[in-house]
Amino acid sequence: MSSSTELTEKKVFLLKSLDGVIFEVEESVAVQLEVIRELIEGDCARPFISLYNVTSEILALVIEYCKHHAETCSGGTSATIADEDLKTFDNEFMNVDENILLELCSAADYLDIKSLFELTCRTLASLIKDRTIIEVRKMFNVENDFSVVEEKAVRKEFAWAFK
Amino acid sequence: MEEFIGGKKFDLADQTEKRPEFCINDNMDVLIEILKRLDDRTLGVAACVCRMWCSLTRNESLWEHLCFRQLSPPPEGVRAVVAALGGYRRLYMGCVKPVRELSVVRELDRVWTRHEVELSLSLFCVDYYERVLLGDGGRLGGDSAPSASSLILLCKEMNV
């Protein structure tokens, strides 16, 4: 049987970003990061968990996302209201530039947060839609490494996409 | 390096400077997942961005996903047959896209019925029969329309 102190005391975990900033997060937030959940279950989460691929700027955003999702889901509101609330939050949360989106996407992949990964992938895909080749290259800072002949051939191969 | 507890006590401007250059092409797995969520036309545009995007776009798994992403669960056990008949890209361009565009409900993201998939796969067999078995192999380059003459019906309106 759990004593009352165990029920009220919230477990916290420390996450250390690539650039050395330590974040304190509650268990309900930490378990949303699938990689960390495994560490917690294996009791390897002390004294802190080093996340070598995520900068503090991005980790702060990831934690904000997980916190909001954890709070909304446990808030006791009805499922439809919670859904609406999350949708609004997600939309606003995605209102950042492409570079941040890409880093968030990559971090969600690394930390194994499925909902955030899906959200960022979908948002990035929607940014590509209805843009020209040149606009896409510019947006993601991708160099055109085709030779003139190659580019002509590939444009011909996919000519139906430009009709 | 100094460490702080909590997210609020660090200087954001300082961190931005340290942020490593991040390029979409550095993480191929992420790029594939993004490409998987594009519609067909956007995928065609994406193919022309650079060599890497082009080679990823030619990957059959992307076209397989495009063929069946509106169907849950996706059809099982057809992969080997589709590959033998010409591959998912051909299946999509020749028999899935036209069927979808002909259908009454034109929303591309609507859920597909199993019957529609079966229809597309049947048409793909007709396409293979006429293209390969009847020796019409010379039209393999045509990617935008079904190459089998019987499937021309998918591109034309018929007066009945």
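What counts and what doesn't
- Residues numbered from 1 in each chain as written.
- Chains lettered and ligands numbered in written order.
- Predicted model: local features only at pLDDT ≥ 70, side-chain atom pairs only at ≥ 80, totals over all residues.
- Heavy atoms only, no water.
- Pairing = 2+ DSSP bridges.
- Helix = DSSP H or I, 4+ residues; strand = E, 2+ residues; numbered from the N terminus.
- Contact = heavy atoms within 4.5 Å.
- Buried area = accessible area lost by both parts, 1.4 Å probe.
- Salt bridge = Lys/Arg side-chain N within 4 Å of Asp/Glu carboxyl O.
- Polar contact = N/O pair within 3.5 Å; in protein donor to acceptor, adjacent residues only side chain to side chain.
- Nonpolar A, V, L, I, M, F, W, Y, C, P; charged D, E, K, R; others polar.
- UniProt positions renumbered as here; feature names shortened; annotations may be inferred.
- Buried < 20%, exposed > 50% of the residue type's maximum accessible area, 1.4 Å probe, protein only.
- Arc of directions from axis to C-beta.
- Core = buried A, V, L, I, M, F, W, Y, C linked by side-chain atoms within 4.5 Å.
- Domains from an automatic or database assignment.
- Axes fitted to C-alpha atoms, helices over the stretch in contact; angles between N-to-C directions.
- Phe/Tyr/Trp six-rings, centres within 6.5 Å; stacked < 30°, edge-to-face > 60°.

### Comments concerning the pairing of strand S2 (residues 22–26) of chain A
Consecutive residues of a regular strand have side chains that alternate between opposite faces of the sheet.
Residues and elements named next belong to chain A.
Phase 1 of the analysis: Where strand S1 (residues 12–16) meets S2, five bridges bridge the pair, whose relative direction is antiparallel. Considered in S2, the bridge of Phe13 is made with Val25.
Phase 2 of the analysis: Linking S1 to S2, which pair antiparallel, is a turn of five residues; within it Gly20 sits at a positive phi near 85 degrees.

### A short note on the interface of chain A and chain B
Phase 1 of the analysis: Taken together, the contact pairs 49 residues of chain A with 42 residues of chain B.
Phase 2 of the analysis: Among the residues chain A hides against chain B, the three largest losses belong to A:Glu57, A:Phe158 and A:Trp160. Together they make up 16% of the total.
Phase 3 of the analysis: Summed over the shared surface of chain A and chain B, the number is five salt bridges.
Phase 4 of the analysis: The residue A:Glu118 makes a salt bridge to B:Arg37 at a minimum N-O spacing of 2.6 Å.
Phase 5 of the analysis: Counting the contacts that link chain A with chain B gives 10 residue pairs in polar contact (both at pLDDT 80 or more).
Phase 6 of the analysis: Secondary structure elements with two or more residues in the side of chain A that touches chain B: S2, helix H4 (56–74), helix H6 (98–111), helix H7 (114–128), helix H8 (133–140) and helix H9 (148–157) of chain A.
Phase 7 of the analysis: In terms of residue class, the side of chain A that touches chain B is built from 22 nonpolar, nine polar and 18 charged.

### A few points about the UniProt feature "domain: SKP1 component dimerisation" (unreviewed entry) in chain A
Phase 1 of the analysis: The UniProt record annotates "domain: SKP1 component dimerisation" (unreviewed entry) at residues 114–161 of chain A.
Phase 2 of the analysis: Secondary structure across residues 114–161 of chain A comprises 69% helix and 0% strand; the distance between its end C-alpha atoms is 31 Å.

### Thoughts on the pattern of salt bridges
Between side chains of opposite charge, a pair can form when the charged atoms approach closely.
Phase 1 of the analysis: For the coordinates displayed, the defined rule picks out 16 salt bridges over all chains.
Phase 2 of the analysis: The partner of A:Glu151 in a salt bridge is A:Arg155, and the shortest N-O contact between them spans 3.2 Å. You can see A:Glu151 and its partner A:Arg155 sitting in helix H9, four residues apart, about one turn around the helix.
Phase 3 of the analysis: Residues B:Arg79 and B:Glu64 are paired through a salt bridge, measuring 3.0 Å at the closest nitrogen-oxygen approach.

### Focus: H8(A)
Phase 1 of the analysis: Of the positions making up H8(A), those classed as buried are A:Ile133, A:Val136, A:Arg137, A:Met139 and A:Phe140. Each buried residue of H8(A) lies within a common arc of 165 degrees when the element is viewed along its axis, so the set occupies one face. Those residues of H8(A) that are exposed and aimed more than 90 degrees away from the buried face are A:Ile134 and A:Lys138.
Phase 2 of the analysis: Next to the buried residues of H8(A) lie H6, H7 and H9 of chain A together with helix H3 (40–47) and helix H4 (51–57) of chain B.
Phase 3 of the analysis: Looking one or two places after H8(A), you find A:Asn141, whose phi comes out positive at around 55 degrees.

### Observations concerning the nonpolar core
Phase 1 of the analysis: Core analysis: the largest hydrophobic core is formed by 86 residues, its most contacted members being A:Phe140, B:Trp53 and B:Trp63.
Phase 2 of the analysis: Shared between two domains, this core holds at least three residues of each, these being domain 1 (12–58) and domain 2 (72–160) of chain B.

### So, the sheet that holds strand S3 (residues 49–50) of chain A
Hydrogen bonds between backbone atoms are what pair the strands of a sheet, whose relative direction is either parallel or antiparallel.
Residue and element names in this part refer to chain A.
Phase 1 of the analysis: Strand order in the open sheet formed by three strands is S2-S1-S3, with mixed pairing between adjacent strands. Each edge of the open sheet carries a strand with a single partner, namely S2 and S3.
Phase 2 of the analysis: Packed on one face of the sheet, H4 meets S1 and S2 and runs near 10 degrees to S2.

### What to know about the packing of aromatic side chains
Phase 1 of the analysis: The full count for this structure, using the stated rule, is eight aromatic pairs over all chains.
Phase 2 of the analysis: An angle of 40 degrees between the planes, with centres 6.3 Å apart, marks the rings of A:Tyr65 and A:Phe89 as tilted. Taken together, the residues A:Tyr65 in helix H4 and A:Phe89 in helix H5 (residues 79–93) connect sequence positions 24 residues apart.
Phase 3 of the analysis: The buried category is assigned to A:Tyr65, whose relative accessible area is 0%.
Phase 4 of the analysis: Judged by centre distance (6.5 Å) and plane angle (65 degrees), the rings of A:Trp160 and B:Trp63 are edge-to-face. With A:Trp160 in the segment after H9 and B:Trp63 in helix H5 (residues 60–68), this pair bridges two chains.
Phase 5 of the analysis: Taken together through their ring pairs, the aromatic side chains of A:Phe158, A:Trp160, B:Trp63 and B:Tyr92 make up a single cluster.

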